[in-house]
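In case you want the letters, here they are:
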Amino acid sequence: MLLPATIEDWELQPVSKYAREAWEYVNLYSKTRGCSRFHAIIYMLDLLAERKEVKARNFRMPEYESLRHWVKTAPVLNNDALGKLTDDPVMERTFQWSLDVNRRIAKMVHASRPFLM
């Protein structure tokens, strides 16, 4: 749900194979597993930017420095806070992506209960 939205909303289709690998690493196999979506997108984009295959394709990475700054400095990371920053194109993109993720999750996940320990 998050990965298809990420590839589409961040325009990563030309490097989708590598985006998928980076996303899975960040969210499943690294010490960052379980981090917020806002941290995860930064980690993923950073990894993607370093891939030699991505560089070889001359793929222009999306801008995301204002997102990095927000994640480092914001007291709370959520859509309410993000929605107040949409005058910045990167933050608008991030906000729309996050809303898209929520829509996709709501559409796919219903009538399920949380895991109980």
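All residue numbers refer to position in the chain's written sequence, counted from 1. In keeping with the predicted nature of the model, local features appear solely for residues at pLDDT of at least 70, side-chain atom pairs appear and are counted solely at 80 or more, and the whole-chain, interface and lining totals rest on all residues. Side-chain metrics in this entry use all non-hydrogen atoms of the structure; hydrogen atoms and water are not considered.

J.: I'd like to hear about the packing of aromatic side chains, residue by residue, with values.
T.: Ring pairs shown here join Phe, Tyr and Trp side chains whose ring centres sit within 6.5 Å, with only the six-membered ring taken for Trp; geometry is labelled stacked below 30 degrees between planes, edge-to-face above 60, and tilted in between. Here the structure, examined in full by the defined rule, presents 3 aromatic pairs. Aromatic pair Phe38 and Trp70: ring centres 5.2 Å apart, planes at 85°, arrangement edge-to-face. Of this pair, Phe38 sits in helix α3 (residues 37–50) while Trp70 sits in helix α5 (residues 65–73), and the two are 32 residues apart along the sequence. Burial here depends on accessible area, computed with a 1.4 Å probe over protein chains only, as a share of the maximum for the residue type. Under 20% is buried, over 50% is exposed, and the range in between is partly exposed. For Phe38, a relative accessible area of 5% corresponds to the buried category. Given the relative accessible area of 6%, Trp70 is considered buried. Measuring from centroid to centroid gives 6.3 Å for Phe38 and Trp97, while their planes differ by 75°, and the two rings are edge-to-face. With Phe38 in helix α3 and Trp97 in helix α7 (residues 89–108), the pair connects residues that are 59 residues apart, well separated along the chain. By the burial criterion, Phe38 is buried, and Trp97 matches it. Each residue in the set Trp10, Phe38, Trp70 and Trp97 is aromatic and connected to the rest through ring pairs, giving one cluster. Numbering of helices and strands starts at the N terminus; helices are DSSP runs of H or I of at least 4 residues and strands are runs of E of at least 2.

J.: Please give an account of the nonpolar core that cites residues and values.
T.: Nonpolar cores were defined as sets of buried Ala, Val, Leu, Ile, Met, Phe, Trp, Tyr and Cys residues, with membership established by side-chain atoms within 4.5 Å. Ranked by internal contacts, the top residues of the largest apolar core, which has 32 residues, are Leu12, Ile41, Met44, Leu67 and Trp70. Secondary structure elements with two or more residues in this core: α1 (2–9), α2 (16–29), α3, α5, α6 (79–83) and α7. Two residues form a contact once any of their heavy atoms are found within 4.5 Å. Filtering out sequence-adjacent residues up to four positions away, Met44 remains in contact with Thr6, Leu12, Ala19, Ala22, Trp23 and Val26.

J.: Give me a nonpolar patch on the surface: which residues, what numbers.
T.: A contiguous nonpolar patch, built from Tyr25, Leu28, Tyr29 and Leu47 and spanning about 430 Å² of accessible area, is present on the exposed surface. It is α2 that provides the largest number of residues to the nonpolar patch, a total of 3 residues. Within the secondary structure, Tyr29 sits in helix α2. Accessibility expressed as a relative area gives 61% for Tyr29, which makes it exposed. Put simply, a patch holds well-exposed residues, over 30% relative accessible area, that have no salt bridge, with like charges counted together within 9 Å and Val, Leu, Ile, Met, Phe, Trp or Tyr side chains within 5 Å. Areas reported as accessible are Shrake-Rupley estimates using a 1.4 Å probe. Residue values count occlusion only from the protein chains shown. Any carboxyl oxygen of Asp or Glu that lies within 4 Å of a side-chain nitrogen of Lys or Arg is treated as forming a salt bridge with it.

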